[in-house]
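Reading the structure
Read off the chains here:
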Amino acid sequence: MRFAKLSSWILFLVSVNYSQFLFAISAAKPNVLIVLVDDAGYGDFGCHGHPFLKTPNIDRLHSESVRLTDFHVAPMCTPTRGQLLTGQDALRNAAASVTAGRAFLRPGIPTLPEKLAKEGWATGIFGKWHLGDSFPHRPMDKGFRTSVWMKGWGFTSAPEFSNTLFDGKCFRGNQQTRFPGYVTDFCFDEAMKWMSERSRDGEAFFCYLPLHAAHSPHVVPEKFSAPFAGEKAQKFFGMLSNIDENMGRLNDFLIKSNLHENTIVIFMTDNGGTAGVPVFNAGLRGHKTEYYDGGHRVPCFIRWPEGNLRPRDVSIPTHVQDLMPTLLEICGSDRKSLPDTGKPDGLSLVKLLRDDSPIEDRMLVIQYGASPPHPNDPKKWRSCVVWNQWRLVHGEELYETKSDRSQQLNVAGEYPEIVAKMRAHYEKWWAGIEPKLGDFVPISIGADQENPVELTSSDWQDVYADNSGHIRNAAGGPRGGPWNVVVERAGEYEIRLRRWPFDLDAPLDGNVTPPGKSLPIAEATIKIGTTEKRMKTTAGTVEAVFTINLPAGRTQLHAWFMDAKGNDLCGAYFTKAFRKP
């Protein structure tokens, strides 16, 4: 009888989903907290051997976590963010670049916050979004029920041209407001306040804390940068020191709020190293934007005390696309319920995290869409294929990273069979990706959810003009580029074109502070589909305003400025489209 009961119990355990078994050991739904640091590489932390930067609070989290030591993201930030929130490769989900019309998730792909919200989790974002500034691409359109966020890639990007890291502007949902103090402190404060409220109300939560630091501009309170006086990247290191202090505050909050034990904390960065690379890069070759490990191999620490995750190093190659299926399994969400368009490219790491159970032997493809000097489109073989210790870079260079961490010795000629297998994998992967690479995701205009809509040069198709320096210098060519849009409702539209940001009210032919390039603008042109209109502008005017009847449907909106002789000068960097009542 005892044997029969034991057998029945074993059969029961085998029959239930492994995630349900994991969930059963927890008294309540686990909370999820993801801290995403911007532009810090593998070597920018004390726990990874930095020679002088002290990060004691991050080091403590490192010591308490499962450390994915061969963890990969995209070499730039938007693709990593899209991969994190969809579990799909960047070229599949369409958020493949930081700009050039490729910074939006393809419609119909479920996101992590959408899935968790449906399962009963409260969802909130506090910081940098960078997956679209307008409907239907804003964080509140993608599953975050609470959104405290900034636009673009951050401060001095085109949408945040004049914003500042101290006492600057942010959005609460769709309402612009101001934040007090330093932006990193503010984002941590807002996240902790929100988590406290959710805990008080008995709600499990998914808190997404994507920081602007340590991305440029490197601005930080002086007390954090002062210890690094004399270092070329003094303020960059100061920003990381500030993050570390906030991580200490966050950990103290979780303990005092009784959230420490049942909160899954994931700490990672969004791409390889930047300003810190010349000082220390943990033996890796390359930096942000590049396909050597220094561009995409980053820290990833996962702590969940109540989940019995034993702190240790896990050296199996993993990537950011694995996090969504992992979290969905832990939280009991049915991966099978995802539509075909939402099937993740990553794998659940639950068994690996729990007891080192092996995952399937696999190859990972790291590729994103566009960056200087290649702003236009993703190219075949501009990539890295990861297979255990092997790296196939650009389809031709092969490195064995266990013995050659710094990727100095190309051994493609010595291992042709390895190269052939990795190239064959990439060929198959590329064949599934390529057909939709020219299918740009549009921005909606005229929708009830957002009217008017502000468009910026960040989202011009195939043009790299996404920051204040580009705009000040009138970069992007004499006509700029078109926006891919969908007119949600037919009607009469007022479309306003500007050279400078709307909040500055600077003349079309004038300048701003600090100064940029003044242009003798005397005429404006707008083209939507097959409709093209022109108008003269007078000296000192701040904008050109067109009224156009538009049919519903997908099209392109293209606008630019000319001089008195009709010579093209620059694109309309800032445009508003308003559907009249």
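This write-up is about the structure you can find in this document. (Residues numbered from 1 in each chain as written. Predicted model: local features only at pLDDT ≥ 70, side-chain atom pairs only at ≥ 80, totals over all residues. Heavy atoms only, no water.)

What follows is about the overall build of the protein chain. When helices and strands are counted, the protein chain shows 14 helices and 27 strands. Its C-alpha atoms give the protein chain a radius of gyration of 25 Å, near enough to 25 Å, the size a compact globule of 581 residues would have. Viewed in the frame of its principal axes, the protein chain has a C-alpha envelope of about 90 × 60 × 50 Å. The long-range fraction of contacts in the protein chain, counting pairs at least 24 apart against all pairs at least 6 apart in sequence, stands at 70%. Carbon and sulfur atoms form 51% of the exposed surface of the protein chain, whose accessible area is close to 22,200 Å². Put simply, the protein chain has 66 plus and 66 minus side-chain charges, and the middle of one group is 3 Å from the middle of the other. (Helix = DSSP H or I, 4+ residues; strand = E, 2+ residues; numbered from the N terminus. Rg over C-alpha atoms; globule rule 2.2 N^0.38 Å. Contact = heavy atoms within 4.5 Å. Areas by Shrake-Rupley, 256 points an atom, 1.4 Å probe, with all protein chains shown as cover. Lys, Arg positive; Asp, Glu negative; His and termini not counted. Charge placed at Lys NZ, Arg CZ, Asp CG, Glu CD.)

The buried count for strand E1 (residues 31-37) comes to 7 of 7 residues, which makes it a mostly enclosed element. Bridge analysis of E1 against strand E9 (residues 263-269) gives 7 bridges, and the strand direction is parallel. In the sheet register, isoleucine 34 faces E9, and the bridge partner there is isoleucine 266. (Buried < 20%, exposed > 50% of the residue type's maximum accessible area, 1.4 Å probe, protein only. Pairing = 2+ DSSP bridges.)

Strand order in the open sheet formed by 3 strands is E10-E3-E13, with mixed pairing between adjacent strands. The strands lining the two open edges of the sheet, one partner per strand, are strand E10 (297-298) and strand E13 (318-319). Where strand E3 (residues 71-72) and E13 come together, 2 bridges link them in parallel fashion. From the neighbouring strand, histidine 72 faces E13, where its bridge partner is histidine 319.

For the pair helix H7 (residues 183-200) and helix H9 (residues 234-256), interaxial distance at closest approach is 10 Å and the crossing angle is 10°. In terms of their interaxial angle, H7 and H9 are classed as roughly parallel. Every pair of crossing elements has a handedness; the one defined by H7 and H9 is right-handed. In this structure, H7 uses Thr184, Asp185, Phe188, Asp189, Met192, Met195 and Ser196 to contact H9, whose residues at the interface are Asn242, Ile243, Asn246, Met247, Arg249, Leu250 and Phe253. The class makeup of the residues in the contact of H7 with H9 is 7 nonpolar, 4 polar and 3 charged. (Axes fitted to C-alpha atoms, helices over the stretch in contact; angles between N-to-C directions. Parallel < 35°, antiparallel > 145°, perpendicular 65-115°, else oblique. Left-handed = near helix turned anticlockwise from the far one by under 90°. Nonpolar A, V, L, I, M, F, W, Y, C, P; charged D, E, K, R; others polar.)

Here the focus is the sheet that holds strand E27 (residues 574-579). By way of backbone hydrogen bonds, the strands of a sheet pair with one another, either parallel or antiparallel. The 4 strands are arranged E19-E27-E21-E24 in an open sheet whose pairing can be described as antiparallel. Of all the strands in the sheet, just strand E19 (453-456) and strand E24 (544-550) have a single pairing partner and so form its edges. Strand-to-strand, the axes of this sheet are offset by a mean angle of 20°, without reference to chain direction.

On to helix H3 (residues 56-63). Among the residues of H3, those classed as buried are Ile58, Leu61 and His62. Relative to the axis of H3, the buried residues are bounded by an arc of 105° and lie together on one face. Tucked inside the fold, the buried residues of H3 contact strand E2 (66-68), H9, E9 and strand E11 (300-303). (Arc of directions from axis to C-beta.)

Take the pattern of salt bridges next. Summed over the entire model, instances satisfying the criterion amount to 35 salt bridges. Across the salt bridge formed by arginine 138 and aspartate 141, the nearest N and O atoms sit 2.8 Å from each other. On the basis of relative accessibility, which here comes to 5%, the residue arginine 138 falls in the buried class. One salt-bridge network, held together by shared partners, links Glu197, Arg198, Arg200, Asp201 and Glu203. (Salt bridge = Lys/Arg side-chain N within 4 Å of Asp/Glu carboxyl O.)

Before going further, it helps to examine the nonpolar core. The biggest cluster of nonpolar side chains holds 48 residues, and the ones touching the most others in it are Met195, Leu240, Met247, Leu250 and Phe267. Apart from residues no more than four positions distant in its own chain, leucine 250 is found in contact with Leu33, Val35, Phe188, Met192 and Met195. With 44 residues, the next largest nonpolar core counts Leu36, Leu112, Leu116 and Ile330 among its residues. (Core = buried A, V, L, I, M, F, W, Y, C linked by side-chain atoms within 4.5 Å.)

Let's shift gears to the state of the cysteines. Under the criterion given, the structure shown has 0 disulfides. Not part of a disulfide, cysteine 207 finds its nearest cysteine sulfur in cysteine 187, a span of 10 Å. Assessed through its relative accessible area of 0%, cysteine 207 is described here as buried. (Disulfide = S-S within 2.5 Å.)

Helix length check: helix H13 (residues 416-433) (18 residues) gives 25 Å between terminal C-alpha atoms against 26 Å at 1.5 Å per residue, within 8%. All buried positions along H13 are accounted for by Ile418, Val419, Met422, Tyr426, Trp429, Trp430 and Ile433. Buried residues of H13 fall within an arc of 100° about the axis and therefore sit on the same side. Turned more than 90 degrees off the buried face of H13, the exposed positions are Lys428 and Gly432. Elements in contact with the buried residues of H13: helix H5 (90-93), strand E14 (364-366), strand E15 (384-387), strand E16 (390-393) and strand E17 (397-400). (Expected span 1.5 Å × (residues − 1).)

This next bit is on unusual backbone geometry. Here the residue pair phenylalanine 135 and proline 136 is connected by a cis peptide bond, since its omega of 5° sits within 30 degrees of zero. For the bond from threonine 513 to proline 514, the omega torsion is -10°, close enough to zero to count as cis.

On E24, burial follows the alternation: Ala544, Phe546, Ile548 and Leu550 on one face are buried, whereas Val545, Thr547 and Asn549 on the facing-out side are not. Taken together, the 7 bridges between strand E21 (residues 491-498) and E24 define a ladder with antiparallel strand orientation. Looking across to E24, one finds that isoleucine 495 is bridged to phenylalanine 546.

With that out of the way, let us pick up the packing of H3 against H9. The geometry of a pair of packed helices is captured by two quantities: the angle between their axes and the separation between those axes. Axis separation between H3 and H9 bottoms out at 7 Å; the angle between their running directions is 55°. Taken as axis vectors, H3 and H9 run oblique relative to one another. Together, Pro56, Asn57, Ile58, Arg60 and Leu61 of H3 and Ile243, Asp244, Glu245, Met247, Gly248, Asn251 and Asp252 of H9 make up the contact between the two elements.

The next point concerns the environment of alanine 117. Note that alanine 117 resides in helix H6 (residues 112-118). The sequence separation of alanine 117 and arginine 145 amounts to 28 residues, and the corresponding C-alpha distance is 8.2 Å. Those residues in contact with alanine 117 that lie beyond four places of it in its chain are Thr123, Gly143 and Arg145.

What follows is about the packing of aromatic side chains. Counting across every chain of the model gives 27 aromatic pairs. Both rings, one in tyrosine 291 and one in tyrosine 368, keep their centres 5.6 Å apart while their planes meet at 40°; by these two values the pair is tilted. Linking tyrosine 291 in the loop between E9 and helix H10 (293-296) with tyrosine 368 in the loop between E14 and E15, this pair joins segments that are 77 residues apart in sequence. Considered together, tyrosine 291 and tyrosine 368 belong to a single accessibility category, that of buried residues. Pairing tryptophan 429 with tryptophan 430 gives two aromatic rings, centres 6.5 Å apart and planes at 45°, and the pair type is tilted. Residue tryptophan 429 shares its accessibility class with tryptophan 430, and that shared class is buried. (Phe/Tyr/Trp six-rings, centres within 6.5 Å; stacked < 30°, edge-to-face > 60°.)

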